[in-house]
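Working through the structure, step by step
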Amino acid sequence: MHGDNATLDQLGAAILRYAEDRLRLHPVPLDRVATPEELEAAVGQTITEEGLGGLETLALFEDKLAPACLSVDHPRYLSFIPCAPTDAAAMFDLVVGASSLYAGSWLEGSGAVHAENAALRWISDLAGLPPEAGGVFTPGGTIGNLSALVAARYATRARAALDGITGVAARPWRVAATEGAHSSIKSACDVMDAELVGVHVDERLRLTGDNLRKALEENGPETFFAVVATCGTTNFGIIDDLQSVAEVCEEYGIWFHVDGAYGGAGLAAPSVRERYAGVERADSFMVDPHKWLFAPFDCCALIYRDPEQGRAAHTQHASYLDVLTEAPDFNPSDYSVGLTRRARGLPFWFSLAANGTRAYAAAIERTLEVTRFAAEEIARRPELEVVREPDLSVIVFRRLGWAAADYQAWSDRMLADEFAFIVPTSHAGETLARFAIVNPQTSEEDIVAILDTMR
Ligand SMILES: *Cc1c(COP(=O)(O)O)cnc(C)c1O
């Protein structure tokens, strides 16, 4: 199965050409969703005893399968949180794939781990965390949140045991967060059999120290092992009042986790940086470079203020791993759920190193500029109304007179036309429109063209 040189030349050239052509497409086609029946009819049996051959299989992918995958980097793909990798990051993903790297341990991947750590350092410094802070790139924010919460509970239990507090294991073990927190927090609590306690938001839909204190007091502060604040909620891009939340966490000695999966990238943008005041007090912090830091899927940077707390909770022990765990080296697998790991931080590192951090700040600022334009444009149009002024690059708005079915029909039509992918969202029971703008290619003209379809 390792091809001879002629095969490698031919297939290698075809694959590189495909990748290069795809990166050159501007704009990329939005493409479409196919049904299982359509795809079955289009590609037939692909897994065969004889094999189809590389070129044939590549052609199948290019002609039949790729057009049935939405381009998340399309400038009018504004649903969920899109992903718009830099050319450098996307290309370097090819290198990572071709290089048989293992980045779980220092022993096996020291060069890759060193580079990943440099990229983590940049994020950690942006957040103002101490120089000893560090962590690991995980497959996404869901695993990042889970890993942070597992470390938080481990540390809390260890401390309780040291303090001689008994009955520790029998406690309810709670996490406090608002309903604006990402669904993965609830899912992490379910996995951990922990209870998620909802904290009321203030009039700007933020988590604040005052409301947090009330929730802690009502439930017994000693039953909590973590508080989760969000800097950039997924639905609205809201930054919680990190400073007052940090104060309350310090007062009660509760682990302060900041989920910046989407919004953490804004730390690099001078125009919004001050909104994150307090993030430097986090015990753990994470950001998904595959969201607003222009890295390909899948990539979450998880950082602990004191990495030792991550290591204590996550190191796997087995006789066949002793050679790794007994060495003093930095092993990324020790800092999150999971053992085997791809060097998923490398495409991000490569692009950051190649383009420089100033280009990142400029690209993030550009998306903020387009979001501000969108807010003004929405406010200007009599049939539209902004629901909440954006903190970052997500904007939620209503089309006056539309019911849920109207939003859905509008969304379906734009996708069927391969014009835009913008699914409705909801808030307080009301269906609404929402743009998430993380692609620097999204322009004012795109916004106007989309809003014109809502007349
Ligand atoms: C997207 C998101 C997550 C989950 O990240 P995945 O990479 O999708 O697992 C967690 N928190 C917030 C705030 C998010 O926006």
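All values derive from a computational prediction rather than experimental measurement. (Residues numbered from 1 in each chain as written. Predicted model: local features only at pLDDT ≥ 70, side-chain atom pairs only at ≥ 80, totals over all residues. Heavy atoms only, no water.)

A look at the overall build of the chain
Worth spelling out the cut-off: To qualify as a helix, a DSSP run of H or I must reach at least 4 residues; to qualify as a strand, a run of E must reach at least 2; elements of each kind are numbered from the N terminus. Our radius of gyration looks at C-alpha atoms and nothing else; its globule reference is 2.2 Å times the residue count to the power 0.38. For the exposure calls, accessible area comes from a 1.4 Å probe over protein chains only, and a residue counts as buried if that area is under 20% of its type's maximum, exposed if over 50%, partly exposed in between. In this analysis, two residues are considered to be in contact whenever any of their non-hydrogen atoms come within 4.5 Å of each other. Per-residue accessibility takes into account occlusion by the displayed protein chains alone, with areas from the Shrake-Rupley method and a 1.4 Å probe. Only four residue types enter the charge count, namely Lys and Arg as positive and Asp and Glu as negative; His and the chain termini do not. Charged side chains are reduced to one point each, which is NZ for Lys, CZ for Arg, CG for Asp and CD for Glu.
Scanning the chain for helices and strands turns up 16 helices and 11 strands. For the chain, the C-alpha radius of gyration of 23 Å lies close to 23 Å, the compact-globule estimate for 455 residues. The principal-axis extents of the C-alpha atoms in the chain amount to approximately 65 × 65 × 45 Å. Residue burial in the chain is summarised as follows: out of 455 residues, 51% are buried. Residue pairs at least 24 apart in sequence account for 72% of intrachain contacts in the chain once pairs closer than 6 positions are excluded. For the chain, the exposed area adds up to about 20,600 Å²; of that, 54% sits on carbon and sulfur atoms. Positive and negative side-chain charges in the chain, numbering 37 and 65 respectively, have mean positions lying 5 Å apart.

Details of the nonpolar core
Applicable threshold: Take the buried Ala, Val, Leu, Ile, Met, Phe, Trp, Tyr and Cys residues and link them wherever side-chain atoms come within 4.5 Å; each set so joined is a nonpolar core. Each domain's extent is set by a domain assignment, obtained either automatically or from a database.
Of all hydrophobic cores here, the largest spans 61 residues; its most connected members are Leu-212, Phe-285 and Phe-348. When residues of this core are assigned to domains, at least three fall in each of domain 1 (95-355) and domain 2 (357-452). By size, the runner-up hydrophobic cluster in this structure holds 27 residues, among which are Val-175, Ala-181, Ala-194 and Ala-261.

A few points about the layout of surface pockets
Heads up, the rule is: In this analysis, the protein atoms alone were mapped onto a 1 Å grid. Cavities are point sets where a 1.4 Å probe fits without being able to get out; pockets are open sets with protein on both sides within 12 Å along at least five of seven lines; lining residues have an atom within 4 Å of a point. Grid points are joined across faces, edges and corners, and a volume is the space filled by probe spheres set on the points. Under the grouping applied here, Gly and all other residues not named as nonpolar or charged are polar, the nonpolar ones being Ala, Val, Leu, Ile, Met, Phe, Trp, Tyr, Cys and Pro and the charged ones Asp, Glu, Lys and Arg.
When its volume is computed, the largest pocket comes out at roughly 1,500 Å³. As for the largest pocket, its lining consists of 45 residues, of which Ala-19, Arg-22, Leu-23, Asp-73 and Ala-90 are closest to the centre. Counting only elements with at least two residues in the lining of the largest pocket, the list comes to α1 (5-24), α3 (54-65), α4 (87-98) and α14 (357-380). Ranked by residues supplied to the lining of the largest pocket, first place goes to α1 with 8 residues. Residues belonging to the lining of the largest pocket are distributed by class as follows: 31 nonpolar, 7 polar and 7 charged. In this structure, the lining of the largest pocket is formed jointly by two domains, domain 1 (95-355) and domain 2 (357-452), each of which donates at least three residues. Looking at the second largest pocket, it is lined by 24 residues, and the ones nearest its centre are Thr-156, Arg-159, Gly-253, Ile-254 and Trp-255. With 6 residues, helix α6 (residues 141-162) is the single largest residue contributor to the lining of the second largest pocket. In terms of residue class, the lining of the second largest pocket is made up of 14 nonpolar, 3 polar and 7 charged.

Some details on the pattern of salt bridges
We apply this condition: Every case where a carboxyl oxygen of Asp or Glu lies within 4 Å of a side-chain nitrogen of Lys or Arg is listed as a salt bridge.
Applying the stated criterion to the full structure yields 25 salt bridges. Note that Arg-24 and Glu-20 form a salt bridge whose closest N and O atoms lie 2.4 Å from each other. Here Glu-20 and Arg-24 lie together in helix α1, a separation of 4 residues that amounts to about one turn. With a relative accessible area of 36%, Glu-20 lands in the partly exposed category. Salt-bridge contacts for Arg-380 lead to Glu-377; the nearest nitrogen and oxygen are separated by 2.6 Å. Of the two residues, Arg-380 and Glu-377 both sit in helix α14, 3 residues apart, roughly one turn of that helix. When salt bridges with common partners are traced through the structure, they connect Glu-377, Arg-380, Arg-381, Asp-452 and Arg-455 into a single cluster.

Let's talk about the site of the ligand
Inclusion rule: Any residue with at least one heavy atom within 4 Å of a molecule or strand is counted as near it. We define a polar contact as two N or O atoms separated by no more than 3.5 Å, with the added condition that, inside protein, one atom must be a possible hydrogen donor and the other a possible acceptor, whereas residues neighbouring each other in sequence contribute only through side-chain atom pairs.
Near the ligand you find 15 residues, and of these Gly-141, Thr-142, Asp-259, Asp-288 and Lys-291 are the closest. Side-chain polar atom of Asp-288 to an oxygen atom of the ligand: 2.7 Å apart, as the coordinates give it. Relative to its unbound accessible surface of 380 Å², the ligand loses 86% to contact with the protein. Secondary-structure elements contributing two or more residues to the shell around the ligand are α6 and α10 (289-292).

A closer look at the sheet that holds strand β2 (residues 174-178)
Strand pairs in the sheet, formed through backbone hydrogen bonds, run parallel or antiparallel to each other. Applicable threshold: The pairing criterion for strands is at least two bridges between them, as found by DSSP. Inter-axis angles, ranging from 0 to 180 degrees, are taken between N-to-C directions of lines fitted to C-alpha atoms, where helices are fitted over the stretch in contact.
With respect to topology, 7 strands assemble into an open sheet ordered β1-β7-β6-β5-β4-β2-β3, the strand pairing being mixed. What marks the edges here is a single partner per strand, and that holds for β1 (134-138) and β3 (195-199). Taken pair by pair, the neighbouring strands of this sheet meet at an average axis angle of 20°, ignoring direction. Bridge analysis of strand β5 (residues 255-259) against strand β6 (residues 284-287) gives 3 bridges, and the strand direction is parallel. Within β6, the residue paired with His-257 across the bridge is Ser-284. Sheet strands touched by helix α7 (residues 183-192): β2, β3, β4 (224-230) and β5. Its angle to β3, the strand with the most contacts, is close to 150°.

Brief notes about the packing of α1 against α3
For the record, the criterion: The labels follow the angle: roughly parallel below 35 degrees, roughly antiparallel above 145, roughly perpendicular from 65 to 115, and oblique for the rest. By the definition used in this description, the sense in which the near helix is turned from the far one sets the handedness, with an anticlockwise turn below a right angle giving left-handed and a clockwise turn giving right-handed.
One can describe the packing of α1 onto α3 by two numbers: an axis separation of 10 Å at closest approach and a directional angle of 15°. In terms of axis orientation, α1 runs roughly parallel to α3. Seen along the crossing, α1 lies across α3 with a hand that is left-handed. The segment α1 lies against α3, with Gln-10, Leu-11, Ala-14, Ile-15 and Tyr-18 engaging Gly-54, Leu-55, Leu-58, Phe-61 and Glu-62.

Digging into a nonpolar patch on the surface
What counts here: Residues forming no salt bridge and having over 30% relative accessible area are the ones grouped into patches, like charges within 9 Å of each other and nonpolar side chains (Val, Leu, Ile, Met, Phe, Trp, Tyr) within 5 Å.
A cluster of nonpolar side chains, contributed by Leu-16, Met-91, Leu-94 and Val-95, occupies part of the molecular surface with about 300 Å² of accessible area. For the nonpolar patch, the element with the most residues is α4, which contributes 3 residues.

Quick look at the domain arrangement of the chain
Operational definition: Put simply, buried area is the surface a 1.4 Å probe can reach on two separate parts but cannot reach once they are joined, added for both.
Assigned domains of the chain: these are domain 1 (95-355) and domain 2 (357-452). Each of domain 1 and domain 2 has a C-alpha centre, and the two are 29 Å apart. Contact with domain 1, which involves 30 residues of that partner, is made by 25 residues of domain 2. Between domain 1 and domain 2, roughly 2,300 Å² of surface is buried when both sides are summed, and carbon and sulfur atoms account for 61% of that area. By the criterion of area lost to domain 2, the three top residues of domain 1 are Phe-236, Trp-292 and Phe-294, representing 30% of everything that side buries. For the interface between domain 1 and domain 2, the tally reads 0 salt bridges. Contributions of two or more residues to the side of domain 1 that touches domain 2 are made by α10 and α13 (346-355). Residue composition of the side of domain 1 that touches domain 2, grouped by class: 17 nonpolar, 9 polar and 4 charged.

Comments concerning the pairing of β3
Looking down a regular strand, the side chains alternate between one sheet face and the other. For clarity, the threshold we go by: Call a crossover right-handed when, viewed with both strands pointing away from you, the route from the first strand across the helix to the second goes clockwise.
By the bridge criterion, 5 bridges tie β2 to β3 in an arrangement that is parallel. Paired with Ala-177 across the bridge in β3 is Gly-198. For the handedness criterion, the β-α-β arrangement of β2, α7 and β3 is classed as right-handed.

Regarding the pairing of strand β9 (residues 394-399)
In terms of burial, β9 is a largely internal element, 6 of the 6 residues being buried. Along β9, one buried face is formed by Val-394, Val-396 and Arg-398 and the opposite face, lined by Ile-395, Phe-397 and Arg-399, is buried too. By the bridge criterion, 3 bridges tie strand β8 (residues 384-386) to β9 in an arrangement that is antiparallel. What sits directly across from Leu-384, in β9, is Arg-399.

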